[in-house]
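Here is what each chain is made of, one letter per residue.
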Amino acid sequence: MASLKIFLKSSVGRKFLVGLTGLGLSGFVLTHMAGNMLMFVSPEAYNTYGHRLITNPLIYVAEVGLLVMFVVHMGLALKLALENKVARALAPSQNPSNCEKDARFGSRYMALTGILVLVFVVLHLITFKYGPYYPVTYNGVEMRDLHKLIIEKFKSPLYSGWYLFSMLVLFVHLAHGFSASFQSLGLFSVRQCLIKKLGWLFALIVAGGFFIQPIYGYFYGGN
Ligand code: HEM
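J.: An account of unusual backbone geometry is requested, with residue identities and associated values reported.
T.: Excluding glycine, a negative phi dihedral is what most residues carry, and trans is how most peptide bonds are arranged. We note that N139 has phi near 50 degrees; this positive angle belongs to a residue other than glycine. Among the secondary structure elements, N139 is positioned in the loop between β1 (135-138) and β2 (141-144). Residue N139 is classed as exposed on the basis of its 6 C-beta neighbours within 10 Å.

So this is what it looks like as structure tokens:
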């Protein structure tokens, strides 16, 4: 127990936790994007999926787990990025190695894109989770018409523009972050190039999937 505490307090341990929570959050954004794809099937499919999720008693456990992952990830990742920045300022190198360039990207763009993702997530929750309740009834069961709400929002060019910008930011965060997390966890260290390509592919699938949803909502939603 004591050695676990020492490990988690060390910079290697903190990096491990940033990688673990980053991977956990990546799994969440992938499943969230996939679930949202039901908007292309029908309003009923989308609303019923949403209703099943929010009426499942395990949703509270999942929400607390997500919140903990988010807070741990943000806190430790920003601390690491700041420490890297200070360390580089104290020992500037003329010709940075690939690893140094990677760390530079980590602290510079990951912190910036991470903070923008945080702003997006807070506004996203206010807009949808705590947004207006439109009722709809299918087979005698009343539920929230989330499909109506998302289409209403995506019909606004300002909202859709902000959403698309945020998905580009998420793409940058994941394109670097997904592969970096394997490095932090000490996994697949002999397959660096392959893992980097996988990271780009993962980011493209997640951000690309989220990208087409407001475009569809703006042009075709409700028709
Ligand atoms: C959808 C939510 C998010 C996902 C899926 C995600 C994913 C990731 C992943 C996979 C990594 C790589 C971890 C590693 O280097 O081992 C990472 C790193 C990082 N994340 Fe996030 N992240 C999210 C939200 C945030 C937020 C909200 C912040 C800050 C406010 C943030 C700040 C950072 C920073 C600064 C790093 C780099 C840490 C370093 O210097 O190594 N992330 N993220």
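J.: Could you give me a rundown of the packing of helix α7 (residues 157-184) against helix α8 (residues 192-219), with the residues and numbers involved?
T.: Running from amino to carboxyl end, α7 crosses α8 at an angle of 165 degrees, the nearest separation of the two axes being 7 Å. The angle between the axes of α7 and α8 places the two elements in the roughly antiparallel class. The chirality of how α7 crosses α8 is right-handed. Looking at the contact of α7 with α8 residue by residue, the classes come out as 21 nonpolar, four polar and one charged.

J.: Now, about the site of the ligand: what can you tell me, with residues and values included?
T.: Inspection of the region around the ligand gives 28 residues, with G19, G22, G114, G177 and S184 positioned closest. Where the shell around the ligand is concerned, the elements lending two or more residues are α2 (11-36), α4 (59-90), α5 (98-129) and α7. At eight residues, the largest contribution of residues to the shell around the ligand is made by α5. Looking at the shell around the ligand, its residues break down into 16 nonpolar, 12 polar and no charged.

Criteria and thresholds
- Per chain, residue numbering runs from 1 following the sequence as it is written.
- With the structure being a predicted model, the display of local features is reserved for residues of pLDDT at least 70 and the display and counting of side-chain atom pairs for 80 or more, all residues being used for whole-chain, interface and lining totals.
- Secondary structure is summarised from DSSP: a helix means a run of H or I of at least four residues, a strand means a run of E of at least two, and numbering begins at the N terminus for each.
- Three exposure classes are used. Buried residues have 20 or more other C-beta atoms within 10 Å of their own C-beta, exposed residues have 12 or fewer, and partly exposed residues fall in between, all C-beta atoms being placed from the backbone.
- Fitted lines through C-alpha atoms give the axes, limited to the stretch in contact for helices. The angle between two N-to-C directions lies from 0 to 180 degrees.
- By the definition adopted for this analysis, an angle is roughly parallel if under 35 degrees, roughly antiparallel if over 145, roughly perpendicular if from 65 to 115, and oblique otherwise.
- For any helix crossing, the convention is left-handed if the near helix is rotated counterclockwise from the far helix by under a right angle, and right-handed if that rotation is clockwise.
- Amino acids outside the nonpolar list (Ala, Val, Leu, Ile, Met, Phe, Trp, Tyr, Cys, Pro) and the charged list (Asp, Glu, Lys, Arg) are all regarded as polar, and Gly is one of them.
- Any residue qualifies as near a molecule or strand once its backbone-derived C-beta atom lies within 6 Å of it.

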